[in-house]
Amino acid sequence: MDDGTASVSAIEAGKQWPLVPAQHLDSSILRDFERFTELARQKGIALVGVTMPYIPKVRDTIERSSHYGAWKQFRSAETQEWIRKQGVLYFDFSELESFGGQPDEFADPYHPSEPAYIRMLLSMLTDERFRALFPDIDAHDLQERLKHATRLEVYRDKWPAN
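Attention in this report is confined to the structure presented alongside it. (Residues numbered from 1 in each chain as written. Predicted model: local features only at pLDDT ≥ 70, side-chain atom pairs only at ≥ 80, totals over all residues. Heavy atoms only, no water.)

## A closer look at the overall build of the chain
Selection rule: Secondary structure follows DSSP: runs of H or I at least 4 residues long count as helices, runs of E at least 2 residues long count as strands, and numbering of each begins at the N terminus. Type-normalised accessible area, obtained with a 1.4 Å probe on protein chains alone, sets the label of each residue: buried when under 20%, exposed when over 50%, and partly exposed for intermediate values. By the convention used here, residues are in contact when the closest approach between their heavy atoms is within 4.5 Å. Working definition of accessibility: Shrake-Rupley area with a 1.4 Å probe, residue cover restricted to the visible protein chains.
Each helix and strand in the chain was counted, giving 9 helices and 4 strands. Along the chain, helices and strands appear, N-terminal first, in the series α-α-β-α-α-α-β-β-β-α-α-α-α. Relative to its full complement of 162 residues, the chain shows a buried share of 38%. Expressed as a percentage of contacts within the chain between residues at least 6 apart in sequence, the contacts between residues at least 24 apart total 70%. Counting every atom, the chain has about 9900 Å² of accessible surface; 55% of that belongs to carbon and sulfur.

## Overview of helix α3 (residues 56-64)
Using the following cut-off: This arc is taken over the directions from the axis of the helix to the C-beta atoms.
Of the positions making up α3, those classed as buried are Val58, Arg59, Thr61 and Ile62. End-on, the buried residues of α3 take up no more than an arc of 160°, which puts them together on one face. On its buried face, α3 is in contact with α1 (5-12) and α4 (69-74).

## Here we look at the side chain of Arg59
Rules: N or O atoms closer than or at 3.5 Å make up a polar contact, with two conditions inside protein: a donor-capable atom paired with an acceptor-capable one, and, for residues adjacent in sequence, both atoms drawn from side chains.
With respect to the secondary-structure elements, Arg59 resides in helix α3. A polar contact of 3.0 Å, which involves the side chain of Arg59, links it to the side chain of Asp60. When residues no more than four places from it in sequence are discounted, the contact partners of Arg59 are Tyr54, Trp71, Ser94, Glu95 and Leu96.

## Observations concerning the packing of aromatic side chains
Here is the rule: Pairs were defined over the aromatic rings of Phe, Tyr and Trp, the Trp ring being its six-membered one, requiring ring centres within 6.5 Å. Orientation was assigned from the angle between planes: stacked under 30 degrees, edge-to-face over 60, tilted for the rest.
One pass over the structure, following the stated rule, counts 9 aromatic pairs. A centroid spacing of 5.8 Å and a plane angle of 85° characterise the contact between Phe91 and Phe130, whose relative ring orientation is edge-to-face. Within this pair, whereas Phe91 is found in strand β2 (residues 88-92), its partner Phe130 is found in helix α7 (residues 128-133), the two being separated by 39 residues in sequence. The buried category is assigned to Phe91, whose relative accessible area is 8%. Look at Phe130 and you get buried, because its relative accessible area is 4%. Among the aromatic side chains, those forming a connected cluster through ring pairs are Phe91, Phe93, Phe99, Phe130 and Phe134.

## Details of the environment of Leu125
Mapped onto the secondary structure, Leu125 falls in helix α6 (residues 114-125). Apart from the residues lying within four places of it in its own chain, the contact partners of Leu125 are Phe130, Arg131, Ile137, Ala139 and Leu142.

## Comments concerning the pairing of β2
Our working rule: By this definition, two strands are paired if DSSP reports at least two bridges between them.
Here β2 lies mainly inside the structure; 4 of its 5 residues are buried. Pairing geometry for strand β1 (residues 47-51) and β2, over 5 bridges, is parallel. Looking at β2, one finds that Leu47 is bridged to Val88.

## Let's talk about the layout of surface pockets
Space left empty within the atom packing is revealed by a probe, the size of a water molecule, rolled over the atoms. Worth spelling out the cut-off: Method remark: on a 1 Å grid restricted to protein atoms, a set of points is classed as a cavity if a 1.4 Å probe fits but cannot get out and as a pocket if it is open with protein on both sides within 12 Å along at least five of seven lines; lining residues have an atom within 4 Å of a point. Grid points are joined across faces, edges and corners, and a volume is the space filled by probe spheres set on the points. The nonpolar class holds Ala, Val, Leu, Ile, Met, Phe, Trp, Tyr, Cys and Pro. Asp, Glu, Lys and Arg form the charged class, and all remaining residues, Gly among them, are polar.
In this structure, the largest pocket occupies an estimated 580 Å³ of space. Along the wall of the largest pocket there are 24 residues; nearest its centre are Leu25, Ile29, Ala70, Trp71 and Phe74. The set of elements that each furnish at least two residues to the lining of the largest pocket consists of α2 (27-42), β1, α4, α5 (77-85) and β2. Taken together, the residues that form the lining of the largest pocket break down as 19 nonpolar, 4 polar and 1 charged.

Take it as geometry only, folks, not as evidence of what the structure does.
Okay, structure coming up:
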């Protein structure tokens, strides 16, 4: 399993895809986002935003790096509140603890696996606003699926070596 070790030095150097090094959020992108959310409101479209998790080693390195000030600004309480004021139902799952995620539930350092996605969706369903948007999602069925979700380690010995 890729535990993120290979990514850490690249993150520290500010050269790791899919992370874009930046010291702050670009104001033109923020204005574009405001226009987007206003258009969605005008058309009666509900927006749900999700920040996906990275494995802890990668997330911690991003948090410590001097290259990712924009990430830190994005995760700040001020930006989180700004997103909510735009009318976005927002879930920050960048920390595993926020949804009961497990470090071994990743396909690689940047992509969660099926059990993690189920856990995130179950967490989202605890929010009445989300549940009202998606009344047909069955939390009990998801709990059952989580019990039987295939763990990635079952397949790891079958994957080709990098």
